[in-house]
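Structure at a glance
So you can see what is in the structure, the chains are spelled out below.
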Amino acid sequence: MDPGVDGSCVEVEMETGKQGNKETRRQGILGSLSTYIPVSLYTSRTLLWLLPISYLAILFFFPLSKILSLTFNLETLTTENLRTTYHVLRFTVYQAALSTLLTLILGLPSAVLFARYDFRGKPILRALTAVPFMLPTVIVAAAFNALLGSQGLLNSIFPLTSFPFTGTLFAILVAHVFYNTTIIIRIVGAALSNLDPKLEHAARSLGADSFRVWWNVTLPLLRPFILAATLLVFLFDFTSFGVVLLLGGSQFSTLEVEIYFQAVRQLNLPLAALLAVIQLVCTLTVSMIYSRLVSRTAMQLTPRSSLIKPKTLKQKFFVTALCLLLTAFFALPLSSLPIRSLFRLEADRGQRGDVRYGFTTDYYTELFVNRRDSVFYVPPIQAAVNSLSYASATVILSLIFGFPAAFALAKPTRLDKILDPLIMLPLGSSTVMLGLGFIITYGKWLTSPLLVPFAHTLIALPFVIRALQPAIAAIPERLRQAASSLDASPFEVWKNIDFPILRRATLAAAAFAFTISLGEFGATLLISRPEYPTIPVAIERFLSQPGGLNYGQAMAMASILMAVTVISILLIEKFRLPNAGEL
Amino acid sequence: MKHITLLFSYFLFLFSACSPAPAGPQTLTILTHDSFAVSEEVVRSFEGANNAKIVFLQSGDAGAVLNKAILTRDAPLADLLFGVDNTFLSRALEAAIFESYASAELKNIPEEFKLDTANRALPVDYGDVCINYDKKYFAENNLLVPQSLDDLTKPEYAGLLVMENPATSSTGLAFMLATVARFGDAFTDYWRALKENGVVVVDGWETAYFTNFSASSGRGSQPLVVSYASSPSAEVSPSGESLTASILGPDTCFRQIEFVGILKGTQHRALAEKFIDFMLGKQFQEDMPLQMFVYPVNPSAALPDAFTHYAQTPSQPANLSPDEIAANRDEWIRAWTEVVLK
């Protein structure tokens, strides 16, 4: 990067900004560290950390260390085990890096699309990109199969275009992109909408072409956000379980899959523990690299409303092409679920080869009937209510625990830098081992439905913190300083300065927590008592038994899950908190 | 600070709310796998007759559940464990998680199911893992349905079979064990041939059946799937004909038997005994087939119509003793993985 250009851009920002502050970016950070942070912030640091750390200690570090200390055994360090571990680790890193790269390639332009442009159907399209995040892997496989399989939609329109979706590295990569593009869109997109377009205008008026503007102005400003999003995507791909197991098929094995195999199938807990430790060390390393990279850059942002309608030919082409691509990639496979839930595909075997396609609402009406009088029957409304209650509780809990940590990390002291990578560990730890740790630590408590949102929060917390932290770091300290000097209470400072700027990041964080909970992450951590089933539980129940009716009902439940998600995300995005205003 | 206090009180409330309530009817807790199912009426009738409350704890697949039971044997989570099958039985017995109980109902159960002579694990149901085929595919392509394991390696069946990975699925493991029973030590040669003939391996039954199998509603690509002999009873078309059937040739199927046992350290031994008697009795045994697609071990239990019409039982399923399975399972799976997946 050309430091001259970099410096001049920042000067442009400061001049066009209201304060006319001439500090360069790096001096700005150092300055804010030494002069602007009120002394009280240092003393309250312990307080900020108290909540998130005690939460992690109780629900993560204690159970995990208990199971690892019980099962970890140096005798498992044989050459054969190490060789297997090396091969598995190599593939895990390889597929995660490749998936992350592909996710960035699709995600970054999409983030620009949603943050900068105004077009018809935008809220729906954006909500659709978030839907895969909470769909069970079996359903994603079914969706792609209905589109690409030999009896799928594509093949019936263009014969000979079918290819098997499951069982290839391609399937793993596509599924990872399908699941995780929303992470980039949300975190980078939220930052991009807060970016002052005047910076780019100024650079352009100084003669920079659009590529140079993007490369020298926009990209450096977005760097902490892109890094945060990349870290999350990488860790998600790195610890991928269902996607690799169900879509990749049996020739592929990641660390998490191998841990599951050793722990649950072979009952070889020492080897599972060794692999779990290796996975934790990798996660810790990646998180430490991240916090080192991100602490060197922070940019102060002020919220702007900067939506434009595509005007030039180039803009129109960009918007249209990307919309089409996203629709094909997200909407088409997803639409096969509601279609399959409403159409019967019964071949009448009396006449050979005659497949009868019939519209039916049977699958939905059957959901309301406990045909077999099963104790474990799941009424659909109750499942939806349970899912939504858990998800709302997860949003509240993860914001309560996430905000203090994100605040501490936004202006990190040495202590914070040590604690920073620890926050990410739940995302990179083996849920199988953690689940076993829960069982030996908390035993019978694990059946309480009240624990479910706490378990979901474990996975949501890293997302919430990473979505909030760069945004908090971007709050111009001079504004808080000014407010404090006018005798505003810390709460008023938060309400009037921090919150309006953090609104978008908070909504992104809330949407993450919400979808993570809806997708039933962490279900493997707990022993379930069937009184409070959720929608994903209902889907699994239908799919665990043969028959067209079960399949149809699973599709109907999946469609309900999709609808609930899309509506909730639209509502979250519409959500305006009092006094948030429209800056 | 107020918020923190509130939160901690919530924590306290949370944990206090979870402690078991002592009053009222006795609670019997049953640890089981996610595919366990039973009808409301059957449970209520036991509860009513015994002034009991039954709580089911579901905790993943059969392997995961057994694992959790072994890990918590010093402070058991439940009074009973249901769902250990013959492929995992020895592991459960070695770990000594069960107390013996010679139920009087055992006299009605055929000897072939009583694999544990010490009655620590009592048989409840069985199912045969068999290959299901898509009737329409074979009719349309004028192809003969394969009749034996050897047939599957013939070129006309290339790429037509989808199966589950024995390392991750109990269904896949059962099918692999059928080939071990049939071919002995040469089973890896068989698998080499099957691999060359394009056998498709997926992780679990759900994917194999609903994504890959051509006769299921998922409309996949393979007309042969490793499933259960009872599955065709769920694929009956409106015209009253099942769309699928099972291959029942000698040694092509493997019998899975599921067991129940009283967990060591239970506080409700008497009630647990009563529930085991109840599980082996006619009412529970007749309820199982349509709930879990399995067969009752009690021969006096009547089968539902769907089973008598569409589900078939193999006359000669492959057989391996639990001890033999326990001693070699890991090695067989490793050898299989080496041949088929590497």
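Cut-offs applied
Residues numbered from 1 in each chain as written. Chains lettered and ligands numbered in written order. Predicted model: local features only at pLDDT ≥ 70, side-chain atom pairs only at ≥ 80, totals over all residues. Helix = DSSP H or I, 4+ residues; strand = E, 2+ residues; numbered from the N terminus. Rg over C-alpha atoms; globule rule 2.2 N^0.38 Å. Buried ≥ 20, exposed ≤ 12 C-beta atoms within 10 Å, placed from the backbone. Contact = placed C-beta atoms within 7 Å. Axes fitted to C-alpha atoms, helices over the stretch in contact; angles between N-to-C directions. Parallel < 35°, antiparallel > 145°, perpendicular 65-115°, else oblique. Nonpolar A, V, L, I, M, F, W, Y, C, P; charged D, E, K, R; others polar. Pairing = 2+ DSSP bridges. Left-handed = near helix turned anticlockwise from the far one by under 90°. Domains from an automatic or database assignment.

With respect to the overall build of chain B
On a plain count of helices and strands, chain B comes out with 12 helices and 11 strands. Whereas a compact globule of 342 residues would reach a radius of gyration of roughly 20 Å, chain B reaches 22 Å, a difference of no more than 12%. In chain B, which comprises 342 residues, the share counted as buried stands at 53%. Taking contacts inside chain B between residues at least 6 apart in sequence as the whole, the part at least 24 apart equals 75%.

What about the overall build of chain A?
Helices and strands together make up the secondary structure of chain A, namely 24 helices and two strands. Each of the 583 residues in chain A was classed as buried or not, and the buried ones make up 50%. Restricting the contact set of chain A to residue pairs at least 6 apart, pairs at least 24 apart contribute 82%.

A short note on the packing of helix α7 (residues 137-148) of chain A against helix α15 (residues 313-342) of chain A
All names here are of chain A. Interhelical geometry of α7 versus α15 gives an angle of 95° and a closest axis separation of 8 Å. As summarised for this structure, α7 and α15 are arranged roughly perpendicular, according to the angle between their axes. The segment α7 lies against α15, with Ile139, Ala143, Phe144, Ala146 and Leu147 engaging Leu332, Pro333, Leu334, Ser336, Leu337 and Arg340. When its residues are assigned to classes, the contact of α7 with α15 shows nine nonpolar, one polar and one charged.

With respect to the environment of tyrosine 86 of chain A
Checked against the element boundaries, tyrosine 86 of chain A lands in helix α5 (residues 79-116). Placed 200 residues apart in sequence, tyrosine 86 of chain A and valine 286 of chain A show a C-alpha to C-alpha distance of 18 Å.

Some points on the pairing of strand β10 (residues 254-263) of chain B
For a regular strand, side chains alternate in direction, first toward one face of the sheet and then toward the other. Residues and elements named next belong to chain B. Along β10, 10 of the 10 residues are buried, which leaves the element largely enclosed by surrounding structure. Note: strand β4 (residues 98-99) against β10, two bridges, orientation antiparallel. In the strand pairing of β10, phenylalanine 98 is matched with leucine 263. Pairing analysis gives seven bridges linking strand β5 (residues 122-134) to β10, with the strands arranged antiparallel. When the sheet's bridge partners are listed, aspartate 128 is paired in β10 with arginine 255.

A few points about the packing of helix α17 (residues 380-410) of chain A against helix α22 (residues 490-518) of chain A
Residue and element names in this part refer to chain A. At a minimum axis distance of 8 Å, the contact between α17 and α22 shows a crossing angle of 135°. If you check the angle between α17 and α22, you find them oblique. Our pair here, α17 against α22, has a crossing hand that is right-handed. For the pair α17 and α22, contact is made by Ser387, Tyr390, Ala391, Thr394, Val395, Ser398, Leu399 and Gly402 and by Ala509, Ala510, Ala513, Phe514, Ile516, Ser517 and Leu518, respectively. Counted by class, the contact of α17 with α22 contains 10 nonpolar, five polar and no charged residues.

Some points on the interface of chain A and chain B
Interface size is commonly expressed as the accessible surface area that is lost when the partners come together. Taken residue by residue, the interface counts 59 residues in chain A and 66 residues in chain B. Those elements giving two or more residues to the side of chain A that touches chain B turn out to be α4 (45-71), α7, α12 (242-248), α13 (255-265), β1 (343-347), α19 (431-442), α23 (535-543) and α24 (548-574) of chain A. Split into classes, the residues belonging to the side of chain A that touches chain B amount to 26 nonpolar, 23 polar and 10 charged.

Structural notes on the domain arrangement of chain B
Residues and elements named next belong to chain B. Domain annotation for chain B reports domain 1 (20-126 + 256-308) and domain 2 (127-254 + 312-340). The C-alpha-based centres of domain 1 and domain 2 are spaced at 28 Å. At the junction of the two partners, domain 1 supplies 16 residues and domain 2 supplies 16 residues. For the side of domain 1 that touches domain 2, the secondary-structure elements that each account for two or more residues are α4 (89-94), β5 and α11 (305-310). For the side of domain 1 that touches domain 2, the element with the most residues is α4, which contributes three residues.

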